[in-house]
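Spelled out, the chains give:
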Number of protein chains: 2
Amino acid sequence: MKNVKKNFDLAKQQYDDQESPIDQISATVQASIQKLAHLAQIPYGVCSGKKYCIYKVGRQKSRPFLPKLLITDPAQFNRSWNELLQATNRKQHCFDIDEQTASRVIYTCVMAFAICYDLWKPKSRKTPGTFFEVILGALISLLLPEATRTKYVTLPPPKSRKNLVASEVSEIVLEQEQEALQAGEEYASDDARTVSTDIVFNLPSGYGIVIPAKITTRERIVQPFAHQRILDSAMGMGRYISLLTCVSETQRDDKTKSVKEICVPGTITLFQEHLAKLGGIYYLDPPKRYLSLDEDKTIVVKPLAHLVTKGLNTLVRKLQKTPSARAN
Amino acid sequence: MKNVKKNFDLAKQQYDDQESPIDQISATVQASIQKLAHLAQIPYGVCSGKKYCIYKVGRQKSRPFLPKLLITDPAQFNRSWNELLQATNRKQHCFDIDEQTASRVIYTCVMAFAICYDLWKPKSRKTPGTFFEVILGALISLLLPEATRTKYVTLPPPKSRKNLVASEVSEIVLEQEQEALQAGEEYASDDARTVSTDIVFNLPSGYGIVIPAKITTRERIVQPFAHQRILDSAMGMGRYISLLTCVSETQRDDKTKSVKEICVPGTITLFQEHLAKLGGIYYLDPPKRYLSLDEDKTIVVKPLAHLVTKGLNTLVRKLQKTPSARAN
C-alpha cells in the first residue's frame with residue numbers, strides 16, 4: 001500500500017498546486033490494480049439487474065463493485081487510459097470516445113483505489129472520495145483548458161457582517177475550520193464568504209460550472225441543492241450550474257450477503273422543485289430509480305461517461321449562446 | 001436501565017398516540033436521576049466560561065454536562081417539575097416562571113436520560129434525541145392547546161409527479177423509508193409530498209410553527225434551513241416559521257480531557273441570508289459564539305427557556321395580528 005499511498009499523495013499535491021496530475025493518477029491506479037491482482041472476486045448478488053462482487057482480505061471486506069466495469073489487467077488499463085487521453089477534444093470539450101470505454105476507465109480509476117483503501121486502510125474513510133475529486137477535476141480540466149479551476153465560490157460579503165473587519169472574519173473562520181478538522185468530521189467550510197463545492201470551473205464567459213463529487217450521497221444529498229440555492233441567491237440566478245457527480249448509491253448488506261441501492265427519488269424531486277435546480281446528476285453506476293427521474297424529465301440523471309463524452313459540450317455551447325454572465 | 005427504558009417507551013407511545021406523556025416524562029427522568037445518584041461528577045474543564053463534568057462507569061464516559069443546570073436530587077426535580085407545570089399559562093402561551101428554573105428542569109429532563117443512555121445503552125445513539133423531541137413537543141403542547149401537533153408538513157403534489165397515481169408514489173416512498181431504516185442511517189423521509197420536521201404545531205389561524213429538535217446540529221445544520229426554504233416555496237412565504245431547538249454544540253475531547261464547542265457562525269450567517277430565514281435558534285446550553293449572532297441581529301439565538309417563558313407568546317401574538325394564512 002505504500003506505493004499506492006505515495007502515488008496518491010503526489011497526485012493530490014499536484015492537483016492542489018494547479019498542476020495536471022494525469023500521470024500520477026495513472027500511476028496510483030496501476031499500483032492499486034497490482035495490489036488487487038491476486039485476490040478472488042467474490043459474487044455478492046444482483047441488484048437492479050447488475051451483478052456485484054466484493055474482495056476480501058482476512059475479515060476485511062471491500063465495497064461492492066461491478067466486475068463488468070472494473071479493469072483488472074494493468075496493461076489493459078494502460079491502453080484504455082491512453083485511448084481516453086488521446087481522445088481529448090479541447091474545442092468540443094469532450095473525449096471523442098465511446099461511452100463504454102470512458103465509463104470503464106474512470107470507474108476503474110476510482111474503484112481500484114477505493115477498494116485498496118477498504119481492504120488495507122479502512123480508517124482513511126475519506127481518501128477515496130478525495131481521489132474521486134482529483135480524478136474528475138483533472139480529467140475535466142483537460143476538456144475546459146480555458147477555464148480556471150478552484151474548490152469554492154467566493155461570495156460578496158454578507159450584509160449582516162459588513163460591519164466586521166475582514167481580518168476578524170477570517171480569524172473566526174480559520175478557527176472553526178481547524179476545530180472541524182480536528183474533530184475529524186465533515187463540515188461545510190465555515191466561511192460566510194465562500195461556498196466550498198469540491199470542484200468549480202470558472203469559464204471566460206463569466207459562467208461557472210460547480211461539480212460536487214461524492215462517492216455516494218446518502219443523507220448529504222441536500223448539500224448540492226442548498227449550495228446551488230445560495231449561489232442563485234448571492235451570485236445571480238443561472239450564473240452557476242451544478243452538476244452532481246457520484247459513483248453509486250450501493251451499500252453492502254452482510255446479513256443477506258447482497259447489495260442494496262439506497263435511493264430517495266421523492267426527496268430529489270422535492271429539492272429540484274422547491275430548493276434549487278441542479279443542471280444534472282451523473283453516476284458511474286447510475287441507480288435504476290434515479291434514471292426514472294431522467295425519463296420523466298424531473299431532473300437530468302445520466303452515466304458520468306455521458307458528461308465527459310457529450311453533456312459538457314452541450315452545456316458549454318448553451319452557455320456560449322446565452323448573454324455573458326459578467327455583463328449581467 | 002430497564003425502568004428508564006420502560007418509562008421512555010411508554011412516554012414515546014403516548015406521544016405518538018397524541019396523548020399527553022407529561023407524567024411518563026417525569027417518571028422517565030426520575031428513574032434516570034436515580035440511576036446516576038451514586039456516581040461521582042468528574043470535572044472536564046471549562047469551555048466558554050462554563051464548567052463541564054462527565055460521568056464514568058468502567059471505561060464508558062457520558063457526554064459532558066453542566067452541573068449547574070443538572071438537578072441530581074429526585075425530590076428537588078419533582079418540586080421543580082411540578083412548579084413548571086403549575087405555571088402553565090395557556091392564554092399567554094408560556095410558563096409563568098423564571099427562566100432559570102425552566103432552564104434547569106428541561107435541561108435535567110433531557111440530560112439525565114441522555115447520560116444514562118451514554119453509560120448503559122451507548123448503541124442506542126438516537127434515543128436521547130427522540131426523548132428531547134417528546135419532551136419539547138409535550139411541553140409546548142401545553143402552551144398551544146388550540147394547535148394540532150404533527151411530525152411533518154404535507155405539501156401539494158409536485159408538478160413533475162402529477163402524472164403518477166397517488167398509490168404508486170406512496171409505494172415508492174414506503175419502500176425507500178424502510179430501506180433507510182434498515183440501513184440504520186438518518187435520511188430525510190423520502191416522500192415528495194411531506195417534509196419531516198420533528199415537531200409541527202398547526203395554529204387555528206392557518207400558520208404553522210415548525211420545531212426541529214436536535215441534541216447538537218453538527219453538519220446537519222443545513223437541514224432546518226433547507227426545510228424552511230421548501231416550505232416557503234411550496235406553502236407560501238411566511239406561512240410556516242421554523243424555530244430550531246438544540247441542547248448544545250459541545251463535544252468531549254478525551255485527548256485533552258476537556259470540552260470543545262463546535263460552532264459554524266459563518267455558515268449560519270450565510271444560510272440565514274441566502275437559503276431561508278429561521279425564526280430563531282434556541283439552546284438549552286447556548287454556545288457563546290452563536291449568542292454573538294443574536295447580538296449583531298444576524299439571527300435570533302436565545303436560551304430555550306426564553307422560548308417557553310416569553311418567545312412563543314410574542315410569536316403567537318405576532319401571528320394573530322397578521323392576516324390569516326388560510327385566507328391567503
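Notes on the structure in this doc start here. The shown structure was predicted, so the numbers you read here are calculated from the model rather than taken from an experiment.

### Concerning the overall build of chain A
- If you tally the helices and strands in chain A, you get ten helices and 15 strands.
- Looking at chain A as a whole, 57% of its 328 residues qualify as buried.
- Taking as baseline every contact in chain A between residues at least 6 positions apart, the subset at least 24 positions apart corresponds to 72%.

### Points about helix α2 (residues 22–36) of chain A
All names here are of chain A.
- The terminal C-alpha atoms of α2 lie 22 Å apart, and with 15 residues this matches the ideal 21 Å at 1.5 Å per residue to within 8%.
- Counting buried residues in α2 gives eleven out of 15 residues, a clear majority hidden from the surface.
- Regarding α2, the residues found buried are Ile22, Gln24, Ile25, Ser26, Thr28, Val29, Gln30, Ala31, Ser32, Ile33 and Leu36.
- Residues of α2 that are buried in the fold lie against α1 (2–16), α3 (74–86), α4 (99–120) and α5 (127–143).

### Here we look at the packing of α4 of chain A against α5 of chain A
Residue and element names in this part refer to chain A.
- At a minimum axis separation of 9 Å, α4 and α5 run at an interaxial angle of 160°. When the axis of α4 is compared with that of α5, the two are roughly antiparallel. The handedness of the crossing between α4 and α5 comes out as right-handed. Contacts between α4 and α5 involve Ile106, Cys109, Val110, Phe113, Ala114 and Tyr117 on the former and, on the latter, Thr127, Pro128, Phe131, Phe132, Ile135 and Leu139.

### Describing the pattern of salt bridges
Residue and element names in this part refer to chain A.
- Tallying each qualifying case throughout the model produces 24 salt bridges over all chains.
- A salt bridge links Asp16 to Lys12, with the nearest nitrogen and oxygen atoms 2.8 Å apart. Pair noted here: Asp16 and Lys12 are both in helix α1, with a separation of four residues, about one helical turn.
- Taking the shortest distance from any N to any O, the salt bridge between Lys310 and Glu99 comes out at 3.2 Å. Of the two residues, Lys310 sits in helix α10 (residues 304–321) while Glu99 sits in helix α4, which places them 211 residues apart along the sequence.
- The exposure class of Lys310 is partly exposed, given its relative accessible area of 43%.
- It is possible to trace a salt-bridge network through shared partners that takes in Lys12, Asp16 and Lys151.

### A short note on unusual backbone geometry
- Backbone geometry places Arg218 of chain A, a non-glycine residue, at a positive phi of 50°.
- You can see Arg218 of chain A is positioned in the loop between β10 (213–214) and α7 (222–235).
- Residue Arg218 of chain A is classed as buried on the basis of its relative accessible area, which comes to 12%.
- For Lys297 of chain B, which is not glycine, the phi dihedral falls at a positive 65°.
- Summarising the element assignment, Lys297 of chain B is placed in the loop between α9 (288–295) and β15 (301–303).
- The class for Lys297 of chain B is exposed, based on a relative accessible area of 74%.

### Quick word on the pairing of strand β9 (residues 208–211) of chain A
Residue and element names in this part refer to chain A.
- On β9, burial covers both faces: Gly208 and Val210 on one face and Ile209 and Ile211 on the other are all buried.
- Across four bridges, the pairing between strand β8 (residues 194–202) and β9 is antiparallel. For Phe201, the partnering residue across the bridge sits in β9 and is Ile209.
- Taken together, the three bridges between β9 and strand β11 (residues 240–246) define a ladder with parallel strand orientation. Looking at the pairing, Gly208 lines up with Tyr240 of β11.

### A look at helix α8 (residues 265–274) of chain A
- For α8 of chain A, the buried fraction is high: ten of the ten residues fall into the buried class.
- When α8 of chain A is considered as a whole, its buried residues turn out to be Pro265, Gly266, Thr267, Ile268, Thr269, Leu270, Phe271, Gln272, Glu273 and His274 of chain A.

### Comments concerning the side chain of Thr28 of chain B
- Topologically, Thr28 of chain B is positioned in helix α2 (residues 22–36).
- In contact with Thr28 of chain B, other than residues within four places in its own chain, are Val4, Asn7, Phe8, Ala11, Phe113 and Phe131 of chain B.

### Focus on the side chain of Thr298 of chain A
All names here are of chain A.
- Note that Thr298 resides in the loop between α9 (288–295) and β15 (301–303).
- Judged by relative accessible area, Thr298 falls into the buried class, the value being 10%.
- Within the structure, Thr298 has its side chain in polar contact with the side chain of Asp296 (distance 2.5 Å).

### So, the packing of α2 of chain A against α5 of chain A
Residue and element names in this part refer to chain A.
- In contact at an axis separation of 10 Å, α2 and α5 are set at 140° when each is read in the N-to-C sense. With respect to each other, α2 and α5 are oriented oblique. Relative to α5, the crossing made by α2 is left-handed. Together, Ile22, Ile25, Thr28 and Val29 of α2 and Phe131, Val134, Ile135, Ala138, Leu139 and Leu142 of α5 make up the contact between the two elements.

Thresholds, definitions, all that
Residues numbered from 1 in each chain as written. Chains lettered and ligands numbered in written order. Predicted model: local features only at pLDDT ≥ 70, side-chain atom pairs only at ≥ 80, totals over all residues. Heavy atoms only, no water. Helix = DSSP H or I, 4+ residues; strand = E, 2+ residues; numbered from the N terminus. Buried < 20%, exposed > 50% of the residue type's maximum accessible area, 1.4 Å probe, protein only. Contact = heavy atoms within 4.5 Å. Expected span 1.5 Å × (residues − 1). Axes fitted to C-alpha atoms, helices over the stretch in contact; angles between N-to-C directions. Parallel < 35°, antiparallel > 145°, perpendicular 65-115°, else oblique. Left-handed = near helix turned anticlockwise from the far one by under 90°. Salt bridge = Lys/Arg side-chain N within 4 Å of Asp/Glu carboxyl O. Pairing = 2+ DSSP bridges. Polar contact = N/O pair within 3.5 Å; in protein donor to acceptor, adjacent residues only side chain to side chain.

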